[in-house]
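A closer look at the structure
One-letter residues, chain by chain:
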Amino acid sequence: MGTTETCDIAIIGAGPSGAVSAALLAEKGWSVRVFERQHFPRFSIGESMLCQTMQLLEDVGLYEDIAAAGFQYKDGAAFAWGDRYTDIYFPNKSAPGQGTTFQVRREIFDDVLIGAARKRGAQVSFGDSVIAFSSDAAGAVLTVRDERGAEKEVRARFCLDGSGFGRILPRLLNLEQSSTFDKRRSVFRHVYDHADNTSFDRNKILVTINPDAPQIWYWMIPLADGLTSVGVVGPDADIEAAGANAEERLDTLLPRAALMHRVLAKAESARPAGEIIGFSANVKSLSGPSYALLGNAAEFLDPVFSSGVTIAMKSAVLAAGLVDRQLRGEAVDWETEFAAELKVGVEAFRACVAAWYDGSLQRIIFDRPMEDAKMTAYLTSVLAGYAWDKSNPFVREPTRTLRLIHGFCAQE
Ligand SMILES: Cc1cc2nc3c(=O)[nH]c(=O)nc-3n(C[C@H](O)[C@H](O)[C@H](O)COP(=O)(O)OP(=O)(O)OC[C@H]3O[C@@H](n4cnc5c(N)ncnc54)[C@H](O)[C@@H]3O)c2cc1C
């Protein structure tokens, strides 16, 4: 082992959760070290943002950095299923707060956020992987390995794990727990869309349900500069069987998304297809002595309602406030003030994801059986990311409310 460094807070990973927590804690005057395995800007999937994300960024003073970056404006989500088409317009949500958002190239979005954290005083190093960890009530000890193989010890008063699908602390501390969702696979690529902008709504993500197999769905997320992100998600075995590799699978499956296929008729590939298998994951506990888990390092549900970055940021904002208090000597109950609080929104999204795959939310979105306009506004609100607004019945009792509304859908 080489040198030993000390800091107040060590953060693993410079994705949205790591960057936002680093910015907030550095601004409070703490010495913050962020260790990021890759070099930025780096590609990441997950380009569709929710309005709640922008509100969180505004609340913590980071929105202007994102608004200035020239991303594609977004005001809702459109859905296609065979010949049927409908959309959800985010400004019609019930909750207060931002009503629009962006569709972003994540290599730029993530880079802007970690840049903002550096400007606020966080020290960030790239090409540094966290490979070992221990902690007790007095603090945490991390082993960090650089790209030449040199290792150092980092002693921190607190550690936040924002390592995303790296899931470093869940792996090292045996916190992994399987998700209740089935194993799914996603294949995706970026294209130069060469799309005629009058033939579709560029300001919305388009989610298409496969007409033969409603468990399979597609996204089309228009980005700035003529780029579009396209992808498909479905049961692992079905997607695997669609071709010998990711490119083939995507090419076989895309024509079943008719509107999207038409819009992208002249599209050219802008980057090779990527693939992620078995992305849904969970943990036994979100915190322990002198550490807490953020974003995907804790739990990832499913891409369908674009909740990933919103949950990542909500966890970062909550955790940063609690770490600040704890390091100032206040008692913090991580179970009630962090895990239970984060869970409010996670459970609302979990119910929506479960209802999407059992088909009931697909029916609700297309049939809109809610007679009361307020109920549509409540559903819009959750889909815009306002999943922590306890005045919303889809937040207070998500499963029961979804079942109730589904009961009003026309019988097939
Ligand atoms: C198919 C698919 C589509 C998605 N689409 C969307 C979408 O449209 N909208 C949305 O909001 N979300 C989407 N998501 C989810 C979203 O991308 C993630 O939820 C989000 O990136 C989580 O942020 P994070 O900060 O937790 O982790 P990440 O963004 O994954 O960042 C983690 C960082 O940690 C670094 N790291 C990992 N291991 C180590 C280590 N040992 N040491 C140091 N650094 C390390 C990584 O290099 C990475 O930069 C999608 C996910 C999938 C699978």
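Residues numbered from 1 in each chain as written. Predicted model: local features only at pLDDT ≥ 70, side-chain atom pairs only at ≥ 80, totals over all residues. Heavy atoms only, no water.

What to know about the environment of Leu361
For Leu361, the position within the fold is in helix H12 (residues 360-367). By relative accessible area, which is 0% here, Leu361 ends up buried. Spatially, the C-alpha atom of Leu361 lies 37 Å from that of Ile11, the residues being 350 residues apart in sequence. Sequence-distant contacts of Leu361, that is, excluding residues within four places in its chain, are made with Phe305, Cys352, Ala355, Trp356, Leu379 and Leu402. (Helix = DSSP H or I, 4+ residues; strand = E, 2+ residues; numbered from the N terminus. Buried < 20%, exposed > 50% of the residue type's maximum accessible area, 1.4 Å probe, protein only. Contact = heavy atoms within 4.5 Å.)

Digging into the nonpolar core
Buried together is how nonpolar side chains tend to be arranged in soluble globular proteins. Judged by nonpolar contacts, the single largest core of 123 residues is most densely connected at Val32, Leu57, Phe109, Leu142, Leu160 and Trp356. Residue contributions to this core reach at least three from each of two domains, namely domain 1 (4-177 + 281-344) and domain 2 (184-277). Apart from residues no more than four positions distant in its own chain, Trp356 is found in contact with Phe79, Val207, Ile209, Trp217, Val304, Phe305, Leu361, Gln362 and Ile365. Ranked by size, the runner-up nonpolar core spans 24 residues in total, among them Ala78, Phe200, Tyr218 and Ala246. (Core = buried A, V, L, I, M, F, W, Y, C linked by side-chain atoms within 4.5 Å. Domains from an automatic or database assignment.)

What to know about the site of the ligand
In the neighbourhood of the ligand, 36 residues make up the surrounding shell, with Ser17, Glu36, Gln38, Ser48 and Asn296 lying closest. Within the backbone of Pro16, a nitrogen or oxygen atom sits 3.4 Å from an oxygen atom of the ligand. The contact in question runs from a nitrogen atom of the ligand to an N or O atom on the backbone of Ser48, over 2.8 Å. Computed on the free molecule, the ligand has an accessible area of 1000 Å², of which 96% lies beneath the protein chains in the complex. Only helix H1 (16-27), strand S2 (32-36), strand S8 (129-136), helix H9 (295-298) and helix H10 (308-327) provide two or more residues apiece to the shell around the ligand. Within the shell around the ligand, the residues separate by chemical class into 15 nonpolar, 15 polar and six charged. A domain split of the shell around the ligand shows at least three residues from each of domain 1 (4-177 + 281-344) and domain 2 (184-277). (Near = heavy atom within 4 Å. Polar contact = N/O pair within 3.5 Å; in protein donor to acceptor, adjacent residues only side chain to side chain. Areas by Shrake-Rupley, 256 points an atom, 1.4 Å probe, with all protein chains shown as cover. Nonpolar A, V, L, I, M, F, W, Y, C, P; charged D, E, K, R; others polar.)

Side note on the domain arrangement of the protein
Much of the literature gives interface size as the accessible area that the parts lose upon coming together. Taken as a whole, the protein is organised into domain 1 (4-177 + 281-344) and domain 2 (184-277). Each of domain 1 and domain 2 has a C-alpha centre, and these two points are 27 Å apart. Tallying the contact residues gives 27 residues for domain 1 and 28 residues for domain 2. Buried surface at the junction of domain 1 and domain 2, both sides included, amounts to about 2300 Å², of which 65% is carbon and sulfur. Our count for the contact surface shared by domain 1 and domain 2 stands at one salt bridge. In this structure, Asp75 engages Lys204 in a salt bridge whose closest nitrogen and oxygen atoms are separated by 2.9 Å. Taken together, domain 1 and domain 2 are joined by 14 residue pairs in polar contact (both at pLDDT 80 or more). Breaking the side of domain 1 that touches domain 2 down by element, the ones donating at least two residues are strand S3 (72-74), strand S4 (76-81) and strand S5 (84-89). Broken down by element, the side of domain 1 that touches domain 2 gets its largest block of residues, six residues, from S4. In the side of domain 1 that touches domain 2, the residues fall into 15 nonpolar, six polar and six charged. (Buried area = accessible area lost by both parts, 1.4 Å probe. Salt bridge = Lys/Arg side-chain N within 4 Å of Asp/Glu carboxyl O.)

With respect to the packing of H12 against helix H15 (residues 398-407)
A pair of packed helices can be characterised by two numbers: the angle between their axes and the separation between those axes. Between H12 and H15, the least distance of the axes is 9 Å, while the angle of their chain directions is 55°. Put simply, H12 runs oblique to H15. The chirality of how H12 crosses H15 is left-handed. Judged by residue contacts, Ser360, Leu361, Arg363 and Ile364 of H12 engage Leu402, Ile405 and His406 from H15. Taken together, the residues of the contact of H12 with H15 break down into four nonpolar, two polar and one charged. (Axes fitted to C-alpha atoms, helices over the stretch in contact; angles between N-to-C directions. Parallel < 35°, antiparallel > 145°, perpendicular 65-115°, else oblique. Left-handed = near helix turned anticlockwise from the far one by under 90°.)

Details of unusual backbone geometry
That bond from Phe40 to Pro41 is cis: its omega, -5°, falls within 30 degrees of zero. Examined against the element boundaries, Pro41 turns out to sit in the loop between S2 and helix H2 (51-59). Its identity as a non-glycine residue notwithstanding, Arg167 has a phi of 45°, on the positive side. Structurally, Arg167 can be placed in the loop between strand S10 (151-161) and helix H5 (168-172). Its relative accessible area of 4% is what places Arg167 among the buried residues. In this structure, Asn174 takes a positive phi of about 55° despite not being glycine. For Asn174, the location among the structural elements is in the loop between H5 and strand S11 (176-177).

Here we look at the environment of Ala116
Its place among the elements puts Ala116 in helix H4 (residues 106-119). By relative accessible area, Ala116 is classed as buried at 0%. Separated by 55 residues in sequence, Ala116 and Gly61 place their C-alpha atoms 9.9 Å apart. Those residues in contact with Ala116 that sit more than four places away from it in its chain are Leu62 and Asp65.

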